[in-house]
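Secondary and tertiary structure notes
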Amino acid sequence: MELAERGRGRVSPNPLVGAVVVRDGAVIGEGFHAELGGLHAEWAALEDCRRRGGDPAGATMYVTLEPCAHQGRQPPCAEAILEAGISRVVIASEDPSEKASGRGPGILRDGGVEVASAAGAEAASARLLNQPFRKHARTGLPLVTLKMAMSLDGRTSTAPGDSPWISGEPSRALVHRWRAESDAIAVGIGTVLADDPLLTARHPDARQPIRVVFDSQARLPLDSQLLATLDQSPVLVVAPPDADPNRVSALRDAGVEILVTGGATPADRIASALADLGRREITSLFLEGGRTLASAFHAADQIDESRTFIAPVLLAPSTTDPRSGGVGVGGFPPHGGCGGQGPSPASASSRRPEQRAVQGRPPTPTTGPARLSALESHVEQVGDDTLITARFREW
């Protein structure tokens, strides 16, 4: 699994895979899938074995994902294992994709190879290693990871004239690494209008993600940094069918791809956008840029993981931040309590009931997305910030 991690950010839409060849308790070959179109881990491990002068015949191969049995960008790994004379293969996780599922292990068994499966913590870790690949294989949709940064008083944006950064430099460096590991980054148009971001990964040897803007009125400025850097990475604007046709045409002429989303509800339109991204072999979508976008995806029940930085600062309220503008993103209206213009969660919860009542009546109950509890979470320190990572689904 440590070997497999070395391919992160370089092999999508393929999975991360590592392989080790062992004889009499000693490693005689190891490899991993290093780049899209390059050798699969099993082939790389067998080649490494031969470079070392070893003979894989009769040895055991440990591999993080079941060996493939189909011709893709590379020839089938099951055939390579049989030709090498490997006598035993230990597999940490199954491949849920339709073209693979179970075929490789079946071919190996038919060829006289003993096939065993890992269990417990090793198997769980191997599955978590490839959540984007597994979700895309099962649903056709990308894994959605939400990134947010907030102050101690619950603010997610700074006041005009203040530094736009809430989290510290170590946290921002970590975000750039996450961008490099993602197939696509998504923000709302409010964030673009407020910050004019690049949304590129400033990370050594980074593969640049596709940049996605949810833009209900096709307002993406033609002089924005996103359009000025189309040579670095494509920009895709998600817009509803009724977006201004002149603006849509101008964006297309500038080199932007327009993704028109259908559906009767915001949740339907988000699902439509995710399905379209999945068809483009985007297996991971990194959500940045505002509570309105986060709220829309939460209401659509389309968040798989979250990574939230809490910075040790208190921020003055911003009443003019366009990141939370009332028109929503990509045709998706904002949901209650998630716009930067309203009170922070801390200030809202500290009010006495009589302050929240209207003319002596109890507050009117509000409806919204149901609470989504994490399957697991952990907390770590990144510089001065606290990072809370939560996983809501396993695929």
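If you're wondering where the values come from, they're calculated on a predicted model, not measured in any experiment. (Residues numbered from 1 in each chain as written. Predicted model: local features only at pLDDT ≥ 70, side-chain atom pairs only at ≥ 80, totals over all residues. Heavy atoms only, no water.)

Thoughts on the overall build of the chain
A tally of regular secondary structure across the chain gives 14 helices and 14 strands. Of all 395 residues assigned to the chain, the portion counted as buried reaches 48%. A sequence separation of at least 24 residues applies to 71% of the contacts in the chain between residues at least 6 apart. Carbon and sulfur atoms provide 50% of the accessible area of the chain, an area that totals close to 18400 Å². (Helix = DSSP H or I, 4+ residues; strand = E, 2+ residues; numbered from the N terminus. Buried < 20%, exposed > 50% of the residue type's maximum accessible area, 1.4 Å probe, protein only. Contact = heavy atoms within 4.5 Å. Areas by Shrake-Rupley, 256 points an atom, 1.4 Å probe, with all protein chains shown as cover.)

Describing the nonpolar core
If you look at the biggest cluster of nonpolar residues, it comprises 29 residues, and the most contacted ones within it are Leu-220, Leu-226, Val-237, Leu-251, Val-256 and Phe-309. Going through the elements one at a time, α7 (169-181), β7 (184-188), α8 (189-195), α9 (225-228), β9 (235-239) and α10 (245-253) are the ones with two or more residues in this core. Judged by nonpolar contacts, the second largest core, of 26 residues, contains Leu-236, Val-238, Ile-282 and Ala-300. (Core = buried A, V, L, I, M, F, W, Y, C linked by side-chain atoms within 4.5 Å.)

A word on the sheet that holds strand β13 (residues 376-382)
An order of β10-β9-β8-β7-β11-β6-β12-β14-β13 is seen for the nine strands of this open sheet, with the pairing classed as mixed. A single partner strand is all that each edge strand has here, and the edge strands are β10 (257-260) and β13. Across the sheet, the mean angle from the axis of one strand to that of its neighbour is 20°, orientation sign disregarded. Those strands touched by helix α11 (residues 266-279) are β6 (143-150), β8 (210-214), β9, β10 and β11 (284-287), and its axis lies near 130° from that of β10. (Pairing = 2+ DSSP bridges. Axes fitted to C-alpha atoms, helices over the stretch in contact; angles between N-to-C directions.)

A word on the environment of Glu-47
Positionally, Glu-47 belongs in helix α2 (residues 41-51). Sequence separation between Glu-47 and Gly-29 is 18 residues, and the spatial gap between their C-alpha atoms is 7.6 Å.

Brief notes about the pattern of salt bridges
Evaluation of the coordinates by the stated rule reveals 21 salt bridges. As a salt-bridge pair, Arg-138 and Glu-94 come within 3.6 Å of each other at their nearest N and O atoms. Here Glu-94 lies in the loop between β4 (88-91) and α4 (103-110) and Arg-138 lies in helix α6 (residues 131-139), a separation of 44 residues in the sequence. A relative accessible area of 47% places Arg-138 in the partly exposed class. (Salt bridge = Lys/Arg side-chain N within 4 Å of Asp/Glu carboxyl O.)

Regarding the packing of aromatic side chains
Evaluation of the coordinates by the stated rule reveals three aromatic pairs. For the ring pair Trp-178 and Phe-286, a centre distance of 6.1 Å and an interplane angle of 75° mean the geometry is edge-to-face. Of this pair, Trp-178 sits in helix α7 while Phe-286 sits in strand β11, and the two are 108 residues apart along the sequence. Each member of the pair, Trp-178 together with Phe-286, is buried. (Phe/Tyr/Trp six-rings, centres within 6.5 Å; stacked < 30°, edge-to-face > 60°.)

A few points about the confidence of the model for the chain
Looking at the chain as a whole, its pLDDT mean stands at 87, while 87% of the residues score no less than 70. Counting contacts from residues 333-366, a segment whose pLDDT is below 50, to residues more than four positions away or on other chains yields 41 contacts. (pLDDT = per-residue confidence, 0-100.)

A closer look at helix α5 (residues 120-129)
All buried positions along α5 are accounted for by Ala-123, Ala-126 and Leu-129. Summarising the axial view, the buried residues of α5 lie within an arc of 120°, below the 170-degree limit, and thus occupy one face. Turned more than 90 degrees away from the buried face of α5 sit Gly-120 and Ala-121, all of them exposed. For α5, the secondary structure elements touched by its buried residues are α1 (2-5) and α6. (Arc of directions from axis to C-beta.)

What about the pairing of β11?
Burial of β11 is two-sided: the residues Ser-284 and Phe-286 facing one way and the residues Leu-285 and Leu-287 facing the other way are all buried. Alignment of β6 against β11, held across four bridges, turns out to be parallel. Pairing of Val-144 across the sheet is with Leu-285, part of β11.

Focus: the side chain of Thr-145
Within the secondary structure layout, Thr-145 lies in strand β6. We classify Thr-145 as buried; its relative accessible area is 7%. For Thr-145, the residues in contact, after removing those within four places along its chain, are Leu-285, Phe-286, Leu-287, Glu-305 and Arg-307.

A closer look at the pairing of β10
Here β9 pairs with β10 via four bridges, running parallel. Residue Val-238 lies in a different strand from β10, and its bridge partner there is Leu-259. With respect to chirality, the unit in which β9 leads through α10 into the neighbouring parallel β10 is right-handed. (Right-handed = clockwise from strand over helix to strand, strands pointing away.)

What about the sheet that holds strand β2 (residues 26-32)?
Through backbone hydrogen bonds, the strands of a sheet pair up, either in parallel or in antiparallel fashion. Taken together, five strands build an open sheet; the order of strands is β2-β1-β3-β4-β5 and the sheet is mixed. Looking along the sheet, the strands with just one partner apiece sit at the ends: β2 and β5 (114-117). Neighbour-to-neighbour, the strand axes of this sheet turn through a mean angle of 20°, independent of strand direction. Looking at chain direction, strand β3 (residues 60-63) and β4 are connected through four bridges and run parallel. Residue pairing for β4: Val-63 is matched across the bridge by Ile-91. Taken strand by strand, α2 contacts β1 (18-23), β2 and β3, and its axis lies near 135° from that of β2.

Things to note about the packing of helix α3 (residues 77-84) against α4
The geometry of α3 relative to α4 is characterised by a closest axis approach of 9 Å and an angle of 20° between their N-to-C directions. Judged by the inter-axis angle, α3 sits roughly parallel to α4. The element α3 and its partner α4 pack so that their crossing is right-handed. Mapping the contact onto sequence places Ala-78, Ile-81 and Leu-82 in α3 and Gly-104, Ile-107 and Leu-108 in α4. (Parallel < 35°, antiparallel > 145°, perpendicular 65-115°, else oblique. Left-handed = near helix turned anticlockwise from the far one by under 90°.)

What about the environment of Thr-386?
As for its placement among the helices and strands, Thr-386 is situated in strand β14 (residues 385-391). The partly exposed category is assigned to Thr-386, whose relative accessible area is 24%. With residues up to four places along the chain from it excluded, the contact list for Thr-386 reads Thr-308, Phe-309, Ile-310, Val-379, Glu-380 and Gln-381.

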